[in-house]
Amino acid sequence: MSYKLYIPGPVEVSAKTFQAMTIPMYGHRSPDFVALYQRIQSKLQILFGTGDPVYLFTSSSWGAMEAAVRNVTQKKVLNCMCGAFSDKWHTVSLNCGKEAGALRFEWGLPVDPEAVALELATGQYDSITMVHNETSTGMMNPLPELMAVVRNFPEVISVVDAVSSFSAVPLDKDALGIDVLLTGSQKALALPPGLALCSVSQRARDRASTTSGRGFYFDFLNFHQNHLKSMTPSTPSLALIHGLESKLEDIFKEGLENRYARHTRLNAMVHDWVERNDLALFPRKEFASKTLTCVENTRQIDVPEFISLLKKRHNCVIDGGYGKIKGRTFRISNMGDETEDTIGKLLDNLDNILVDI
Ligand SMILES: *Cc1c(COP(=O)(O)O)cnc(C)c1O
C-alpha cells in the first residue's frame, strides 16, 4: 500500500527525511541530544519569526493546543470558530474545565476582527484561540488584522494554530505579538505525524506560573526549565526530531522566499484548475488558503467515486471534505515538497477522471 498523497495532512514524506530518521537510538540527556536541540532551535526561531523558545512536544498538534488552553486560561478563553478545527478548540477548552466563549462565523468565512474587538471589550476574557489556516474550509484568516485587535487587550494571551500554514507562508510571531504559536509535523513540514512545535512568550509563561491545573506532560514551565538545558521534559521522539533537522536543512537550502513562492504558485495552479472545470472555491477567494484548496462541488460530482477512481487508476489520494461539508466539498493539498511537476500530474489525472464521472 503506497499512494501519492495530496490530502491536507499527512502529506508525502521524502526518502531523505525517512533516511534521517533511521538513526541508532541514544540517551536524550546526552551531549549529543543537547547539540541536536541547539542546532534546530535557531532555525525554528527563524521560521516562527521569534526570539522566544520553541518547545518540542511529543504529540500531534492537539496536544499543544490543549496545553495552551490549560497553561494560559484562568478566567475565560474566547474561541474564534469558523471551521472544524477552530470549532473543536471550543470543545477542548470546555473539556479542560475552562470557561469558554464561542465566537462563531459561518464555515468558509474568516474571523471578523471587529467582532473580536467587541467581544474582548466585555472584559471577560484572559485568553483567545485562533486558527490561522482553517484546513477544513481552506480559508486563511487575516492574522495581522486580528492580532492588531488582540494587542489592544494586554490581559489577553493569544494562542494561534498555524498547523497547516507553518513554513509555507511567512509567519512573524514577535511582530504580530502572538504569545503561543504552534504547529505539527505532518502538514507543510512533510514529516510523519507525532511531533508538535510550540513557541511560547514570556507573557504566556508568566501567566502559566499562576495558573493551576496545568497538568504534567504539557506544563509550559517544565518545558521551559528543560529548554534552558536544551532538553525536553520527557523522552522525545528522537527519530522525528532527526527528521525535522533534515527537513530544516531542505527548507533553508531552498530559501524561505523561494519556499513561500513555490507554495503560492502551486496553489494558484490548483485554483486555475478549479476555474477551468466550472468548479468553485469554498471560501471567499480573497481569504483562500495558500496551502490547500477546498473545492465547492458545484458540478454535483459523486465525490467518493471521484476519489476512488483517482486512487484506482492513478494511485493518488485527495480528500473528500471534512465534517459537515464532506461531499459538498473536496480538498487538494499543495503542502510540503510538491512541485509544478507533481501538482501538474495530479491535475492531469483529475481531468482524466472528470471525463468519465
Ligand atoms: C491537522 C490540524 C490540526 C490537528 O492536528 P493533529 O495532528 O491531528 O493533532 C489542528 N489544526 C489544524 C488547523 C489542522 O490542520
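1. Focus: the side chain of Asp-219
Inference 1: By the secondary structure assignment, Asp-219 is in the loop between helix H8 (202-209) and helix H9 (220-227).
Inference 2: Overall, Asp-219 belongs to the buried group, its relative accessible area being 10%.
Inference 3: For Asp-219, the side chain forms a polar contact with the side chain of Arg-214, separated by 2.8 Å.
Inference 4: Beyond its immediate stretch of four places on either side in the chain, Asp-219 contacts Asn-71 and Arg-214.

2. Brief notes about the packing of aromatic side chains
Inference 1: One pass over the structure, following the stated rule, counts 10 aromatic pairs.
Inference 2: Taking 6.3 Å as the distance between ring centres and 45 degrees as the angle between the ring planes, the aromatic pair formed by Tyr-55 and Phe-220 counts as tilted. With Tyr-55 in strand E2 (residues 54-57) and Phe-220 in helix H9, this residue pair connects regions lying 165 residues apart in the sequence. Judged on exposure class, the residue Tyr-55 and its partner Phe-220 are both buried.

3. Some thoughts on the pattern of salt bridges
Inference 1: Using the criterion set out here, one finds 20 salt bridges in the structure.
Inference 2: With a closest N to O distance of 2.9 Å, Lys-4 and Glu-338 form a salt bridge. Note that Lys-4 is positioned in strand E1 (residues 4-5) and Glu-338 in the loop between strand E14 (329-333) and helix H13 (340-354), a separation of 334 residues in sequence. Across the pair, exposure class does not vary: Lys-4 and Glu-338 are buried alike.
Inference 3: Asp-179 is the salt-bridge partner of Arg-203, the closest N and O atoms lying 2.9 Å from each other. Here the residue Arg-203 occupies a position in helix H8, and Asp-179 occupies one in the loop between helix H7 (173-176) and strand E9 (180-184), the gap between them amounting to 24 residues.
Inference 4: Residue classification places Asp-179 among the buried residues on the basis of a relative accessible area of 3%.
Inference 5: Taken together, the shared-partner salt bridges connect Lys-16, Lys-247, Glu-249, Asp-250 and Asp-337 into one network.

4. With respect to empty space enclosed by the protein
Inference 1: Tallied over the entire structure, the rule returns one cavity of 30 Å³ or more.
Inference 2: By volume, the largest cavity amounts to about 50 Å³.
Inference 3: Considering the residues around the largest cavity, the lining is formed by Leu-56, Phe-57, Thr-58, Tyr-217, Phe-223, Thr-232, Pro-233, Ser-234, Thr-235 and Pro-236.

5. Thoughts on the sheet that holds strand E11 (residues 280-281)
Inference 1: Pairing is antiparallel across the open sheet formed by three strands, whose spatial order is E11-E12-E14. Across the chains shown, the open sheet's two edge strands, defined by having one partner strand only, are E11 and E14.
Inference 2: Relative to strand E12 (residues 292-296), E11 runs antiparallel, the two being bridged by two bridges. Bridge assignment links Leu-281 to a residue of E12, and that residue is Val-295.
Inference 3: The sheet contacts of helix H11 (residues 256-276) involve E11, E12 and E14, and relative to E12 the element is tilted by about 10 degrees.

6. Examining the domain arrangement of the chain
Inference 1: Taken as a whole, the chain is organised into domain 1 (4-10 + 255-354) and domain 2 (15-252).
Inference 2: On a C-alpha basis, the centres of domain 1 and domain 2 stand 26 Å from each other.
Inference 3: With 25 residues of domain 1 at the interface, the matching set in domain 2 holds 32 residues.
Inference 4: In this assembly, domain 1 packs against domain 2 so that about 2,400 Å² is buried in total across both faces, 65% of it on carbon and sulfur atoms.
Inference 5: A per-residue breakdown of the area domain 1 buries against domain 2 is headed by Tyr-260, Phe-287 and Tyr-322, which together make up 25% of the total.
Inference 6: Applying the counting rule to domain 1 against domain 2 returns one salt bridge.
Inference 7: Its salt-bridge partner being Lys-247, residue Asp-337 comes within 2.7 Å of it at the nearest N-O pair.
Inference 8: Taken together, domain 1 and domain 2 are joined by 11 residue pairs in polar contact (both at pLDDT 80 or more).

Rules behind the numbers
Residues numbered from 1 in each chain as written. Predicted model: local features only at pLDDT ≥ 70, side-chain atom pairs only at ≥ 80, totals over all residues. Heavy atoms only, no water. Helix = DSSP H or I, 4+ residues; strand = E, 2+ residues; numbered from the N terminus. Buried < 20%, exposed > 50% of the residue type's maximum accessible area, 1.4 Å probe, protein only. Polar contact = N/O pair within 3.5 Å; in protein donor to acceptor, adjacent residues only side chain to side chain. Contact = heavy atoms within 4.5 Å. Phe/Tyr/Trp six-rings, centres within 6.5 Å; stacked < 30°, edge-to-face > 60°. Salt bridge = Lys/Arg side-chain N within 4 Å of Asp/Glu carboxyl O. 1 Å grid on protein atoms, 1.4 Å probe; cavity = no way out; pocket = protein on both sides within 12 Å on 5 of 7 lines; lining within 4 Å. Points joined across faces, edges and corners; volume = space filled by probe spheres on them. Pairing = 2+ DSSP bridges. Axes fitted to C-alpha atoms, helices over the stretch in contact; angles between N-to-C directions. Domains from an automatic or database assignment. Buried area = accessible area lost by both parts, 1.4 Å probe.

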